[in-house]
Number of protein chains: 2
Amino acid sequence: MSGLPDGFYIREIELQDYEGVKLTLKNLTVVEPLTKQSFENVVTFWKTQLVRNTIKTYNVYVIVHLDNEGREDGIAAVGTLFLEQKLIHGGGLVGHIEDISVSENYQGKSLGKHLIAHLSNVGRDAGCYKVILDCAEKNIGFYEKCGYKRAAIEMDKRF
Amino acid sequence: MSGLPDGFYIREIELQDYEGVKLTLKNLTVVEPLTKQSFENVVTFWKTQLVRNTIKTYNVYVIVHLDNEGREDGIAAVGTLFLEQKLIHGGGLVGHIEDISVSENYQGKSLGKHLIAHLSNVGRDAGCYKVILDCAEKNIGFYEKCGYKRAAIEMDKRF
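Residues numbered from 1 in each chain as written. Chains lettered and ligands numbered in written order. Predicted model: local features only at pLDDT ≥ 70, side-chain atom pairs only at ≥ 80, totals over all residues. Heavy atoms only, no water.

- Chain A carries the name Glucosamine 6-phosphate N-acetyltransferase in an unreviewed UniProt entry, which gives Huiozyma naganishii as its organism.
- Under the Sequence similarities (unreviewed entry) heading, UniProt states for chain A: "Belongs to the acetyltransferase family. GNA1 subfamily."
- Quoted verbatim from the Pathway (unreviewed entry) field of UniProt, the annotation for chain A is "Nucleotide-sugar biosynthesis; UDP-N-acetyl-alpha-D-glucosamine biosynthesis; N-acetyl-alpha-D-glucosamine 1-phosphate from alpha-D-glucosamine 6-phosphate (route I): step 1/2." (UniProt positions renumbered as here; feature names shortened; annotations may be inferred.)

Right, dumping it as structure tokens:
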């Protein structure tokens, strides 16, 4: 996977990202009610969670756009990889990719593909024996291009 | 959901469950290499993890069988519900059901259904807006009977 297009870079989510992340996630699903305070509480919580003492449980990344002077001027994409500690596979780790969203303003630049590659690599480097994700039928082709294969059916129960 | 069949009860996993849980999980997938020490490390880790300060992140339950004198004489089933803290849905929680296994010695008693009902209720009571799980195509009917609906496709990348 080559680098991101010019003018973009990827970094972990930070407390100041409330507006940009909220806007980007709206492209995916229901975000509200999400106050600045609850955003900060969640991001702070994420940053405290570790598995195997040193590995982050929540690996939440944003792709940011830079203006001509190299200052961040918008969040283009956001996505999460969280790590689950299992007993199976010798007490192995599984990475779960969740809540991938690319802002409408920044589509058509393969940012989603870059984000998936990055999160997958974070999972591999953390020692996961696999990374999994759930997607709509129409997005299977996209994830196949990212190196993923059909594995099973996701079922849900809503409250 | 009525109670469990006579001679069974459900409780959280404990450190002494190494042999029984290892045996039960073998019915599901690859368990080895899982030493007693690594089992205890994982279970101890699980018990320290909290979300929203008071809610357990890992809710791992076993159904145990009791002999005629009410002493535990085997683990019949095991299953996990872990809780993911999200930003979407107002900073909502999603429950993930994982690694459900019923021991071969105790099949045909609807223990799997009881376990899924229990884990789903734990998720609902923790405030999850949904509980999700991944299953093979052939198990869709079982999970539909447990109140689950097809939601999406699970994809994976293995390392």
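## Thoughts on the pairing of strand β5 (residues 72-85) of chain A
Residues and elements named next belong to chain A.
Okay, so step 1: Most of β5 is tucked away: eleven of the 14 residues are buried.
Okay, so step 2: As paired strands, strand β4 (residues 58-66) and β5 are joined by nine bridges and run antiparallel to one another. Opposite V62, over in β5, you have V78 as the bridge partner.
Okay, so step 3: Across eight bridges, β5 lies against strand β6 (residues 93-102) in antiparallel orientation. Residue pairing in the sheet places V78 in a bridge with S101 of β6. (Buried < 20%, exposed > 50% of the residue type's maximum accessible area, 1.4 Å probe, protein only. Helix = DSSP H or I, 4+ residues; strand = E, 2+ residues; numbered from the N terminus. Pairing = 2+ DSSP bridges.)

## Observations concerning the interface of chain B and chain A
Okay, so step 1: Contact with chain B, which involves 59 residues of that partner, is made by 59 residues of chain A.
Okay, so step 2: Of the roughly 5,400 Å² buried between chain B and chain A on both sides combined, carbon and sulfur atoms contribute 60%.
Okay, so step 3: Where chain B touches chain A, the interface holds four salt bridges.
Okay, so step 4: One salt bridge connects B:K86 with A:E98, and the closest N-O pair in it is separated by 2.9 Å.
Okay, so step 5: For the interface between chain B and chain A, the tally reads 28 residue pairs in polar contact (both at pLDDT 80 or more).
Okay, so step 6: Broken down by element, the residue count for the side of chain B that touches chain A peaks at ten residues, all from strand β8 (residues 149-158) of chain B.
Okay, so step 7: Of the residues contributing to the side of chain B that touches chain A, the split by class is 34 nonpolar, nine polar and 16 charged.
Okay, so step 8: Bridging between strand β8 (residues 149-158) of chain A and β8(B) involves seven bridges; their strand directions are antiparallel. (Contact = heavy atoms within 4.5 Å. Buried area = accessible area lost by both parts, 1.4 Å probe. Salt bridge = Lys/Arg side-chain N within 4 Å of Asp/Glu carboxyl O. Polar contact = N/O pair within 3.5 Å; in protein donor to acceptor, adjacent residues only side chain to side chain. Nonpolar A, V, L, I, M, F, W, Y, C, P; charged D, E, K, R; others polar.)

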